[in-house]
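Reading the structure
Below, each chain spelled out in residue letters.
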Amino acid sequence: MHLLDGKATSEEIKRELALAVQERKRNGKKIPHLAAILVGNDGGSLTYVNAKVKACEQIGFESTLIKYDESVPEEILLAKVQTLNDDKSVDGFIVQLPLPKHIDELKITQAIDPRKDVDGFHPVNLGNMILNISGFLPATPAGIVELLKRNNIETEGKNCVIIGRSNIVGQPLSILLAQNTNPGNCTVTLTHSKTKNLKGICKAADILVAAIGRPGFVTEDMVKEGAVVIDVGTTRVIDDSRARGWYLSGDVDFEKVAPKCSYITPVPGGVGPMTIASLMINTLKAMELKGK
Ligand code: NAP
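Here is a short report on the structure shown in this document. Keep in mind it's a predicted model, so treat the numbers as computed, not measured. (Residues numbered from 1 in each chain as written. Predicted model: local features only at pLDDT ≥ 70, side-chain atom pairs only at ≥ 80, totals over all residues. Heavy atoms only, no water.)

**A short note on the overall build of the protein**
Secondary structure summary: the protein contains ten helices and eleven strands in total. Radius of gyration (C-alpha) of the protein: 19 Å, near the 19 Å computed for a compact globule of 292 residues. Its C-alpha atoms give the protein principal-axis dimensions of about 50 × 40 × 35 Å. Looking at the protein residue by residue over its 292 residues, the buried ones come to 48%. Counting only carbon and sulfur atoms, one obtains 52% of the accessible surface of the protein, whose full area is about 13,900 Å². Counting 35 positive and 34 negative side-chain charges, the protein places the averaged centre of each group 2 Å from the other. (Helix = DSSP H or I, 4+ residues; strand = E, 2+ residues; numbered from the N terminus. Rg over C-alpha atoms; globule rule 2.2 N^0.38 Å. Buried < 20%, exposed > 50% of the residue type's maximum accessible area, 1.4 Å probe, protein only. Areas by Shrake-Rupley, 256 points an atom, 1.4 Å probe, with all protein chains shown as cover. Lys, Arg positive; Asp, Glu negative; His and termini not counted. Charge placed at Lys NZ, Arg CZ, Asp CG, Glu CD.)

Shown next as structure tokens:
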């Protein structure tokens, strides 16, 4: 079994991006600027946004964090999105999801200028992805594809089973891995909560991706010997024996499943850091696309 080390791979990407920034500085060019909007005090969201800001610092990007109280009205958020759309100093920005219930996430996503939508959630970018036109790929699926690529995992002709069909992970990943690209050319099965015989389907997978948000859902009897397993899940599980009172769990029962795999991602240190690396790649691209 080999560990698919997303942390190490993301560090490699960040070093490349840092070199690109230094090169731009030498040539008197603009430094990429990422802005992030965070609403409320959700611990998970705070951790993710802080990690994104830290990655910017590490690479040498400029970053701005804009925080709002949980009760912020939708109109205020929409107005801020418009301000960021118009701000020439900002190359790309994200609105950290999930948002409080009183805010329509789709409305906010659609308000973002697709040219600054470095999370790749805007319908224009999702459409470009389907047609394999250059744009911003959603960060998590793009990070998974990059992880497979940089670790020389063969995908062509492989049976890939994805558990979970969210708009930000499962669905876009199913499209990317089915495309006539490398990595790609998989035969993809996209499964969800209504799927029948999930265990049997998973058992036939050469590449199994779990993106559900249920700790330890994927057990050893669902995994073929020699499979590549990608664990996207990140759930905080209460654990009073730990100083911070919780630990982060993936969707895969790692201890039992890992010995059967050819490759497997850990949680943490697998898909999470790759998601951040993809966001950084998109931010540099946003600036370059403007010809700056
Ligand atoms: P989501 O919107 O929470 O949706 C969960 C998906 O799992 C749905 O499609 C649901 O099916 C499916 N599902 C739930 N129970 C199932 C079951 N028993 N059998 C089969 N499918 C089942 O998904 P998400 O936003 O992609 O998040 C999934 C997990 O990934 C979460 O833990 C999240 O925190 C994590 N995540 C991690 C990263 C990262 O960077 N590491 C990024 C994004 C998300 P239905 O559609 O039928 O309801």
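**Details of the packing of helix α2 (residues 43-59) against helix α10 (residues 271-289)**
The geometry of a pair of packed helices is captured by two quantities: the angle between their axes and the separation between those axes. With their axes 10 Å apart at the nearest point, α2 and α10 run at an angle of 55° to one another. Our classification of the angle between α2 and α10 gives oblique. Crossing angle aside, the handedness with which α2 passes α10 is right-handed. Here Ala-51, Lys-52, Ala-55, Cys-56 and Ile-59 of α2 lie close against α10, whose contacting residues are Ile-276, Leu-279 and Met-280. Counted by class, the contact of α2 with α10 contains seven nonpolar, no polar and one charged residues. (Axes fitted to C-alpha atoms, helices over the stretch in contact; angles between N-to-C directions. Parallel < 35°, antiparallel > 145°, perpendicular 65-115°, else oblique. Left-handed = near helix turned anticlockwise from the far one by under 90°. Contact = heavy atoms within 4.5 Å. Nonpolar A, V, L, I, M, F, W, Y, C, P; charged D, E, K, R; others polar.)

**Regarding the pattern of salt bridges**
For side chains bearing opposite charge, pairing can occur when the charged atoms are close. The final tally for this structure, using the stated rule, is 13 salt bridges. A salt bridge links Arg-150 to Glu-12; the shortest N-O distance between them is 2.8 Å. Here Glu-12 lies in helix α1 (residues 6-26) and Arg-150 lies in helix α6 (residues 139-150), a separation of 138 residues in the sequence. Judged by its relative accessible area of 26%, Arg-150 is partly exposed. A relative accessible area of 33% means that Glu-12 is categorised as partly exposed. Between Asp-91 and Lys-30 there is a salt bridge, and its shortest N-O distance comes to 2.6 Å. Linking Asp-91 in the loop between α3 (74-86) and β4 (92-95) with Lys-30 in the loop between α1 and β2 (33-39), this pair joins segments that are 61 residues apart in sequence. (Salt bridge = Lys/Arg side-chain N within 4 Å of Asp/Glu carboxyl O.)

**Quick look at the site of the ligand**
Near the ligand, the surroundings consist of 22 residues, among which Arg-165, Ser-166, Ser-193, Thr-234 and Thr-275 are the closest. With respect to the ligand, the side chain of Arg-165 contributes an N or O atom lying 2.7 Å from an oxygen atom. Ser-193 is positioned such that a nitrogen or oxygen atom in its side chain is 2.5 Å from an oxygen atom of the ligand. If the ligand stood free it would expose 920 Å²; the protein chains cover 72% of that surface. Examining the composition of the shell around the ligand, we find that three residues originate from one element, α10, more than from any other. Its residues assigned to classes, the shell around the ligand comprises nine nonpolar, eleven polar and two charged. (Near = heavy atom within 4 Å. Polar contact = N/O pair within 3.5 Å; in protein donor to acceptor, adjacent residues only side chain to side chain.)

**Examining the pairing of β2**
Counting buried residues along β2, seven of its seven residues qualify, which places the element largely inside the surrounding structure. A two-sided burial pattern is seen for β2, the buried positions comprising His-33, Ala-35, Ile-37 and Val-39 on one face and Leu-34, Ala-36 and Leu-38 on the other. Judged from the seven bridges that link them, β2 and strand β3 (residues 62-68) form a sheet pairing that is parallel. If you follow Ala-36 over to β3, its bridge partner there is Leu-65. What joins β2 to β3 is α2, and the crossover it makes is right-handed. As judged from the four bridges shared by β2 and β4, these two strands associate in the parallel manner. Residue pairing in the sheet places Ile-37 in a bridge with Val-95 of β4. (Pairing = 2+ DSSP bridges. Right-handed = clockwise from strand over helix to strand, strands pointing away.)

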